[in-house]
Amino acid sequence: MNYKQALTHPIFKVISQSAKELQLDTYVIGGFVRDYILQRGSAKDIDIVAIGSGIELAKQVAKNLPNKPKVQVFKTYGTAMLRFEDIEIEFVGARKESYNENSRNPIVENGTLEDDQNRRDFTINALAIDLSLENFGELLDPFNGIQDLKDAIIRTPLSPDITYSDDPLRMMRAIRFASQLDFKIEEESLKAISRNKERINIITKERIVVELNKIIESPKPSIGFILLEKTGLLSYILPELTALKGIDEIEGQRHKDNFYHTLEVVDNISKNTDNLWLRWAALLHDIGKAPTKKFHKKIGWTFHGHEFKGSKMVYQLFKRLKMPLNEKMKFVQKMVLMSSRPIVLAEDMVTDSAVRRLVFDAGDYVEDLMLLCEADITTKNPKRFKKYHNNFKIVRKKIVEVEERDQIRNFQPPISGEVIMETFNLKPCREIGAIKEVIKEAILEGDIPNEYEAAYQLMLKEGERLGLKASK
Ligand code: CTP
């Protein structure tokens, strides 16, 4: 079958021409071909393999392009990259050894196309399309990758033990592709991952997190996490999650399996948001439950303070995985810390003051928090499910009302410290903070509106109570 129709982008003609000038056989390979066949939208990365020097080919292509782009050369890996429009094009010479960024001996022997395909990770990523002028568009598929794409199967070209030990990150890549594409990992491959799981330790945290994020961003992340758990990889990467597994029973009292509950929450939230960090928050919202779990004879299982504990654990976890310790992490911490607040509201009567306090504490993240809490409703009891969702509808309505009336989000006190100091002729002192706190509390409680005049009157009253004298 001819795949000329995959090569309509003008860059391919330029590559063909350049390859002819250098007399190199050249192919487009990997993700571009896979995603074309799966019709996954237009590619942002194109991988080109040359039977010879990929670097020379990249330079020739750059010369033949009208805007003469810069060629970035990675000598250690024998690769080169250039950008054309919004596409990154990577060039590599075919080789006999594996594409291992961590390889201690990166000098690789030149090989044939078949050698190169052998050393790639999966059959669906080893598909190549010929770019030579003579055979332009011809597909080269030595391992039946096309069939595996049809059957939705992840399979390694060589024996999986070899492919995975060449680059253990591929164990995570297999699971990532299974999760992204909703594919099955072939049985032998899955067993090999279980056997080789410990080798994930030699992979840098940064590369692991790239794959982890792709799993979290996939349409149904639980597919990936169940595979990570089943193969044993998860306990090396996120032991906080495996610690949530299992159900304890004492005196006939059981708690839910918080691992599978968590996965349900992540799947739920993924239907409503593509925000990677909100999905992370869903994944981590219960991690404090393992270390805070206790059994009490009278009340059964409790997880007191798990939100606070969990938010502290978020920092440790991000640090261990070399993830950014910036405002993204703080966002995840805040979501974990506040993750029980709306549900406590929804279990009871939804009062205005409770909603005001929620908006006050969550600020601009109140919408995200509501999405998290709605995703957290995994009860199988239809009556309770309906009740919680209905109450959350009321909470949402009240958030809008309270916002319109009181502008609680990003709360600015209506009376400043300066006004208090001026009124009572004070130097900086404790009383100023105390008065401000009383005003804030009165607004949140709904005793006074969030307005200057009402707050001013309350200030005078409170000052009098504290024995202060108004200067006029
Ligand atoms: N590859 C490999 N082993 C790896 C990484 C990559 O064999 N550990 C090969 C595969 O043939 C892959 C190609 O290099 O298709 C390009 O890798 P990469 O850009 O990381 O992935 P893609 O397959 O393009 O997929 P995605 O863009 O979704 O990451």
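Remember, predicted model here, so these are calculated numbers, not experimental data.

Asks: When you look at the pattern of salt bridges in this model, what are you seeing that I'm missing?
Replies: For side chains of opposite charge, pairing can occur when their charged atoms come near one another. Across all of its chains, the model carries 32 salt bridges by this definition. Salt-bridge contacts for D167 lead to R207; the nearest nitrogen and oxygen are separated by 3.2 Å. With a gap of 40 residues between them, D167 in the loop between helix 6 (160-166) and helix 7 (169-181) and R207 in helix 9 (residues 205-216) connect regions that are remote in the sequence. A relative accessible area of 3% means that D167 is categorised as buried.

Asks: Even after reading the chapter, I still don't get the pairing of strand 2 (residues 45-50), so can you show me in this structure?
Replies: A regular strand places its side chains so that they alternate between the two faces of the sheet. With four bridges connecting them, strand 1 (residues 26-29) and strand 2 associate as antiparallel partners. Residue pairing for strand 2: Y27 is matched across the bridge by V49. Strand direction decides the pairing type here: strand 2 and strand 5 (residues 87-93), joined by six bridges, are parallel. Bridge pairing in strand 5 links V49 to V92.

Asks: Please clarify how the layout of surface pockets should be interpreted in this entry.
Replies: If a probe as big as a water molecule is rolled over the atoms, it shows which places are left empty. Estimates place the volume of the second largest pocket at around 720 Å³. K256, H261, K289, I343 and D376 are the residues nearest the centre of the second largest pocket, which is lined by 29 residues in total. Among the secondary structure elements, those contributing two or more residues to the lining of the second largest pocket are helix 13 (258-270), helix 16 (306-320), helix 18 (341-347) and helix 21 (382-406). Among the elements that take part in the lining of the second largest pocket, helix 13 stands out by supplying four residues, more than any other. Of the residues in the lining of the second largest pocket, the class split is seven nonpolar, eleven polar and eleven charged.

Asks: Can you walk me through the site of the ligand in this structure?
Replies: Close to the ligand lie 13 residues, the nearest being R34, D121, D167, R170 and R176. Measuring from an oxygen atom of the ligand, one finds a side-chain N or O atom of R34 at 2.8 Å. A total of 560 Å² of accessible area belongs to the ligand in isolation, and the protein chains cover 80% of it. Secondary structure elements with two or more residues in the shell around the ligand: helix 2 (31-37) and helix 7. Element by element, the count of residues in the shell around the ligand is highest for helix 7, at four residues.

Thresholds, definitions, all that
Residues numbered from 1 in each chain as written. Predicted model: local features only at pLDDT ≥ 70, side-chain atom pairs only at ≥ 80, totals over all residues. Heavy atoms only, no water. Salt bridge = Lys/Arg side-chain N within 4 Å of Asp/Glu carboxyl O. Helix = DSSP H or I, 4+ residues; strand = E, 2+ residues; numbered from the N terminus. Buried < 20%, exposed > 50% of the residue type's maximum accessible area, 1.4 Å probe, protein only. Pairing = 2+ DSSP bridges. 1 Å grid on protein atoms, 1.4 Å probe; cavity = no way out; pocket = protein on both sides within 12 Å on 5 of 7 lines; lining within 4 Å. Points joined across faces, edges and corners; volume = space filled by probe spheres on them. Nonpolar A, V, L, I, M, F, W, Y, C, P; charged D, E, K, R; others polar. Near = heavy atom within 4 Å. Polar contact = N/O pair within 3.5 Å; in protein donor to acceptor, adjacent residues only side chain to side chain. Areas by Shrake-Rupley, 256 points an atom, 1.4 Å probe, with all protein chains shown as cover.

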